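Given next are the chains, with one letter for each unit.
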Amino acid sequence: METLRESLSEKSSSVEAQGNVVRALKASRAAKTEIDAAIELLNKLKLEKSAVEKQLKASIGNGSHNREAFRQNVVNTLERRLFYIPSFKIYRGFAGLFDYGPPGCAVKSNVLSFWRQHFILEENMLEVDCPCVTPEIVLKASGHVDKFTDLMVKDEKKGTCYRADHLLKDYCNEKLEKDLTISAEKAAELKDVLAVMEDFSTEQLGAKIKEYGITAPDTKNPLSDPYPFNLMFQTSIGPSGSSPGYMRPETAQGIFVNFKDLYYYNGRKLPFDAAQIGQAFRNEISPRQGLLRVREFTLAEIEHFVDPENKSHPKFSEVAKLEFLMFPREEQMSGQSAKKFCLGEAVAKGTVNNETLGYFIGRVYLFLVRLGIDKERLRFRQHLANEMAHYAADCWDAEIESSYGWIECVGIADRSAFDLCAHSEKSGVPLVAEEKLAEPKEVEILVITPVKKELGLAFKGNQKNVVESLEAMNEEEAMQMKATLESKGEVEFYVCTLEKNVSIKKNMVSISKKKKKEHQRVFTPSVIEPSFGIGRIIYCLYEHCFGTRPSKAGYEQLNVFRFPPLVAPIKCTVFPLVQNQQFEEAAKVISKELASVGISHKIDITGTSIGKRYARTDELGVPLAITVDSDTSVTIRERDSKDQVRVSLEEAASVVSSVTEGKMTWQDVWASFPHHSSAAVDE
């Protein structure tokens, strides 16, 4: 495409130059033959330019049209078959809210069940379930109250709100996909903007919007300068309204505030993992892209607590040889594409910060591929330096390619000790771990001794709050207080749990340093956090598994979801070939056996042709279909190949169970049972 843009730019310049030649010849009243020759050349150049324009338009238009047509087909099928639908549909719906229907619920349940198996069970994680409503003080400590924002712009006349970076992204994509007149240099500039947009400050984003003349999409009115908008839903806890809270924007904070209890539950040993699956809420400025950007969604998050001085992982060798697409920050900044790396080499070279982070990247890769995500459309992108928080050691996103482009579905971040330190400081409760030393060492320690009698006289019922805040001071704060008390005899001190300053006098606290022998090391653990957007993963899975194939007659294209049995909403359907009491009784026997081994299935005893019944279940992604055409044996049809085998009535349920549970592959079944011709009955 870039070659075509360059060629078009050259042809445009040639046409303009030749046009100037024609005008000059006419102005100088040159000979008619000379003018005619110049006009002939101009017309030839215009035809060449037109041909290149058509090629470029076809190149751009086909890709864009095909993506949109594919997406529309997927979404139409998902909504028609009730995988999901807009919430409150009879009231015309509300942006960013969706309901999962029966097959959608089943897919989601299967994804979460496999997530529990792959992570919680196989890694011996501690699962918790915390409230969605979170007190303000918790989210103040975590930084969400002050910093959980997106940049917003407003239509200056209508007041409609838009997310600023989305408008810039849409402008760049629109130009690249539909504007034939932009030069190769301009196209390269727009691609560069798309690559580093996440890195833009408020001022840089506003400057780009003005530079490109971007206006409100609906009205073309001018836009305000970008400004931050907090994405949390605010509420109050209790009837008085005096205790502010928020609907949690993530599940992680519930794990952090329970660290102390989880640490003791785990026998005071590190490392350990805590995990949580639950709903989270974000008041998106302008939600769009279906399930990819919503206001209520399911998160599955892991917090791996580890000694900051030892981030090796005992099981790293199990994933070290994996090779997959990675996109380090150096490649992003230099305009290169993602390429395949060996995970072990990426960790050894320092591209990935440490073994534990690398181990989780490998485990996330295996999880997504097992679900059915195409590994050629899955990459791990490293955050650019300015994308990361100042405290983070390294961050990678698992991005999945869809019709919307590359979508961030899992974030894997080494957050250092920020979260536990923040909650320790705000709550006054030390969230620390201990390690016994082989030999004791002499250290100088800070000793803060509140004089409870004096504090009780001064603060009465608030004495406990003041004592806890004094004891939670770090060394710098304590020594500064000591110096002020010695020079002035009194100091103003902020008590976070009271949310006000109090006056501390010299006789209320003793602050000193003393030497002692330590037999254990006390430290704040680092946290490595894989965070999964379940709805995003599921939508990308829908796209990766969706396809069409011609009907038997060839007159129409039939939809099919090629879900792996692991996530398929229904594992098997049971069809009596015709409406016959004997066949229907046999179908009920098979149904009972399937239910007894926990296989989700559906009986279809309608009089519809077997081919149409197959087509209906293919569109739901059902991997296997049992057709009862005898009272002693049945056929089992596999969705993707449409191949069929014949098995005895008694074996049918066990064969389906073995395939759906991964104990046998369809190739194993094909090799073990007589084949059955499908020509007479399939679509």
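Residues numbered from 1 in each chain as written. Predicted model: local features only at pLDDT ≥ 70, side-chain atom pairs only at ≥ 80, totals over all residues. Heavy atoms only, no water.

Enquirer: Describe the overall build of the protein chain, with residues and values.
Expert: Scanning the protein chain from N- to C-terminus turns up 22 helices and 29 strands. Taken along its principal axes, the extent of the C-alpha atoms in the protein chain is 100 × 100 × 55 Å. For the protein chain, with 683 residues in total, the buried portion stands at 47%. Residue pairs in contact within the protein chain that sit at least 24 positions apart in sequence constitute 68% of those at least 6 positions apart. (Helix = DSSP H or I, 4+ residues; strand = E, 2+ residues; numbered from the N terminus. Buried < 20%, exposed > 50% of the residue type's maximum accessible area, 1.4 Å probe, protein only. Contact = heavy atoms within 4.5 Å.)

Enquirer: Tell me what's going on with the packing of helix α3 (residues 102–121) against helix α18 (residues 534–545), and back it up with residues and numbers.
Expert: Where α3 contacts α18, the axes come no closer than 11 Å and their chain directions differ by 115 degrees. Taken together, α3 and α18 sit at an angle that is classed as roughly perpendicular. Handedness of the crossing formed by α3 with α18: right-handed. Contact with α3, carried on its side by G104, V107, K108, V111 and L112, involves I534, I538 and Y542 of α18 and no other residues of that element. The class makeup of the residues in the contact of α3 with α18 is six nonpolar, one polar and one charged. (Axes fitted to C-alpha atoms, helices over the stretch in contact; angles between N-to-C directions. Parallel < 35°, antiparallel > 145°, perpendicular 65-115°, else oblique. Left-handed = near helix turned anticlockwise from the far one by under 90°. Nonpolar A, V, L, I, M, F, W, Y, C, P; charged D, E, K, R; others polar.)

Enquirer: Give me the lowdown on unusual backbone geometry, citing residues and values where you can.
Expert: Residue L270 is joined to P271 through a cis peptide bond whose omega torsion reads -5 degrees. The backbone of L82 shows a phi angle near 65 degrees, a positive value even though the residue is not glycine. In this fold, L82 is placed in the loop between α2 (32–80) and β1 (84–86). L82 sits in the partly exposed class, given a relative accessible area of 37%. Phi angles above zero are rare outside glycine, and E499 is one such case at about 55 degrees. Mapped onto the elements, E499 comes out in the loop between β18 (490–495) and β19 (500–505). For E499, a relative accessible area of 55% translates into the label exposed.

Enquirer: With reference to specific residues and values, describe the packing of helix α15 (residues 452–459) against helix α16 (residues 463–471).
Expert: Direction vectors running N to C along α15 and α16 enclose 130 degrees, while the axes themselves pass 9 Å from each other. What the angle tells us is that α15 and α16 run oblique. Considering how the two elements wind past one another, α15 and α16 form a crossing that is right-handed. Seen from α15, the contacting residues are K452, L455, G456 and F459; seen from α16, they are Q463, V466, V467 and L470. Among the residues forming the contact of α15 with α16, the class breakdown is five nonpolar, two polar and one charged.

Enquirer: Requested: an account of the sheet that holds strand β28 (residues 644–648), with residues and values cited.
Expert: The mixed open sheet is built from six strands, whose spatial order is β25-β24-β26-β27-β28-β29. Of all strands in the sheet, those bounded by a partner on one side alone are β25 (601–603) and β29 (675–676). Bridging between strand β24 (residues 572–576) and β25 involves three bridges; their strand directions are parallel. The residue of β25 that forms the bridge with V574 is I603. Contacts between helix α20 (residues 610–620) and the sheet are confined to β24, β26 (624–628), β27 (633–638) and β28, with β24 contributing the most and set at about 165 degrees to the helix. (Pairing = 2+ DSSP bridges.)

Enquirer: Before we move on, could you go through the sheet that holds strand β21 (residues 526–533) and cite the residues and values that matter?
Expert: Sheet architecture is open: nine strands sit in the order β3-β10-β11-β21-β16-β15-β14-β12-β13, paired in mixed fashion. The open sheet has two free edges, formed respectively by β3 (126–127) and β13 (339–342), since each of these has just one partner strand.

Enquirer: Residues and numbers for the pattern of salt bridges, please.
Expert: If you walk through the whole model with that rule in mind, you get 40 salt bridges. A salt bridge links K186 to E189; the shortest N-O distance between them is 3.5 Å. Of this pair, K186 and E189 are both found in helix α7 (residues 184–196), three residues apart, which corresponds to roughly one turn of the helix. The exposure class assigned to E189 is partly exposed, which follows from its relative accessible area of 28%. (Salt bridge = Lys/Arg side-chain N within 4 Å of Asp/Glu carboxyl O.)

Enquirer: Before we move on, can you summarise the pairing of strand β23 (residues 557–561) with the specific residues and values?
Expert: A large share of β23 lies buried, amounting to four of its five residues. Direction of pairing for strand β22 (residues 546–550) relative to β23: antiparallel, over a ladder of five bridges. Residue P550 lies in a different strand from β23, and its bridge partner there is Q557. In this structure, the hairpin formed by β22 and β23 is closed by a connection of six residues, where G554 is found at a positive phi of approximately 85 degrees.

Enquirer: Please set out the state of the cysteines residue by residue, giving values where relevant.
Expert: Counted under the stated rule, the structure contains zero disulfides. Residue C421 stays outside any disulfide, its sulfur separated by 15 Å from that of C496, the closest cysteine. C545 takes part in no disulfide bond, and the closest cysteine sulfur to it belongs to C540, at a distance of 11 Å. (Disulfide = S-S within 2.5 Å.)

Enquirer: Explain a nonpolar patch on the surface residue by residue, including any values.
Expert: Taken together, the side chains of F88, I90, Y91 and F94 present a nonpolar region at the surface, about 550 Å² in accessible area. With respect to the element layout, F88 can be found in the loop between β1 and β2 (98–100). Judged by relative accessible area, which is 48%, F88 ranks as partly exposed. (Patch = residues over 30% accessible without salt bridge, like charges linked within 9 Å, V, L, I, M, F, W, Y side chains within 5 Å. Areas by Shrake-Rupley, 256 points an atom, 1.4 Å probe, with all protein chains shown as cover.)

Enquirer: Could you give an account of the nonpolar core, with specific residues and numbers?
Expert: Of all hydrophobic cores here, the largest spans 67 residues; its most connected members are W115, F367, L368, F380, F532 and Y542. With nine residues, the top contributor of residues to this core is helix α13 (residues 355–371). What L368 contacts, discounting residues up to four positions off in sequence, is I373, L378, A398, I400, V410 and I537. Counting residues in hydrophobic clusters, the runner-up holds 24 residues, among them F583, V634, A652 and A653. (Core = buried A, V, L, I, M, F, W, Y, C linked by side-chain atoms within 4.5 Å.)

Enquirer: Which residues make up α13, and what values do they have?
Expert: The terminal C-alpha atoms of α13, which comprises 17 residues, lie 24 Å apart, in line with the 24 Å expected from a rise of 1.5 Å per residue. Taking burial as the measure, the 17 residues of α13 include 13 buried ones, the bulk of the element. Of the residues flanking the start of α13, the one acting as N-cap is N354, its side-chain oxygen 3.2 Å from the backbone nitrogen of T356. Downstream of α13 by one or two residues, G372 has phi in the positive range, about 125 degrees. (Expected span 1.5 Å × (residues − 1). Polar contact = N/O pair within 3.5 Å; in protein donor to acceptor, adjacent residues only side chain to side chain.)

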